[in-house]
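Commentary on secondary and tertiary structure
Letter by letter, the chains look like this.
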Amino acid sequence: ARKKAASLRRTMVELGEADEAELQRLVAAEQQKAQFTAQVHHFMELCWDKCVEKPGNRLDSRTENCLSSCVDRFIDTTLAITSRFAQIVQKGGQ
């Protein structure tokens, strides 16, 4: 009976550790989502301030091109940074 109780306690501790690890993973994922959302909002503000001189019902072609270029630069930069971080992580894991 004592062995069974000790085994049960050990199993409960292991489950608690697994749940804690899963919770930490979920919190980290939510933090990444929040950080990404904040970056997108910041980027949108920058592009808006840079490209839109006078808001109206429609975007003129110059404003549309400016916004498109701004978005493209943002995506290219984000991909380059993400790729570089992945390289650093891979090198650190070897």
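Rules used in this analysis
- Residues numbered from 1 in each chain as written.
- Predicted model: local features only at pLDDT ≥ 70, side-chain atom pairs only at ≥ 80, totals over all residues.
- Heavy atoms only, no water.
- UniProt positions renumbered as here; feature names shortened; annotations may be inferred.
- Core = buried A, V, L, I, M, F, W, Y, C linked by side-chain atoms within 4.5 Å.
- Buried < 20%, exposed > 50% of the residue type's maximum accessible area, 1.4 Å probe, protein only.
- Helix = DSSP H or I, 4+ residues; strand = E, 2+ residues; numbered from the N terminus.
- Contact = heavy atoms within 4.5 Å.
- Salt bridge = Lys/Arg side-chain N within 4 Å of Asp/Glu carboxyl O.
- Patch = residues over 30% accessible without salt bridge, like charges linked within 9 Å, V, L, I, M, F, W, Y side chains within 5 Å.
- Areas by Shrake-Rupley, 256 points an atom, 1.4 Å probe, with all protein chains shown as cover.
- Disulfide = S-S within 2.5 Å.

Going by what an unreviewed UniProt entry lists, the protein chain is known as Mitochondrial import inner membrane translocase subunit and is assigned to Rhinopithecus roxellana. Its UniProt record, at the heading Subcellular location (unreviewed entry), says of the protein chain: "Mitochondrion inner membrane". Comment text from UniProt for the protein chain, heading Sequence similarities (unreviewed entry), reads "Belongs to the small Tim family."

Most often, soluble globular proteins have nonpolar side chains that are buried together. In terms of nonpolar packing, the biggest core is built from seven residues, these being Phe43, Cys47, Cys51, Val52, Cys66, Leu67 and Cys70. Broken down by secondary-structure element, the contributors of at least two residues to this core are α1 (2–51) and α2 (61–93). Dropping the residues within four chain positions of it, cysteine 70 is found in contact with Phe43, Cys47 and Cys51.

Another aspect to go through is the pattern of salt bridges. In total, this model carries two salt bridges according to the counting rule given. Salt-bridge contacts for glutamate 30 lead to lysine 33; the nearest nitrogen and oxygen are separated by 3.2 Å. Within this pair, glutamate 30 and its partner lysine 33 are both found in helix α1, separated by three residues, close to a single helical turn. Judged by its relative accessible area of 46%, glutamate 30 falls in the partly exposed class.

Another aspect to go through is a nonpolar patch on the surface. Together, Val71, Ile75 and Leu79 make up a nonpolar patch on the protein surface, roughly 250 Å² of accessible area in all. Tracing the chain through its elements places leucine 79 in helix α2.

A separate point is the state of the cysteines. Under the definition given, this model contains two disulfides. With a sulfur-sulfur separation of 1.8 Å, cysteine 47 is cross-linked through a disulfide to cysteine 70. A torsion of -85 degrees about the S-S bond marks the disulfide between cysteine 47 and cysteine 70 as left-handed. With cysteine 47 in helix α1 and cysteine 70 in helix α2, the pair connects residues that are 23 residues apart, well separated along the chain.

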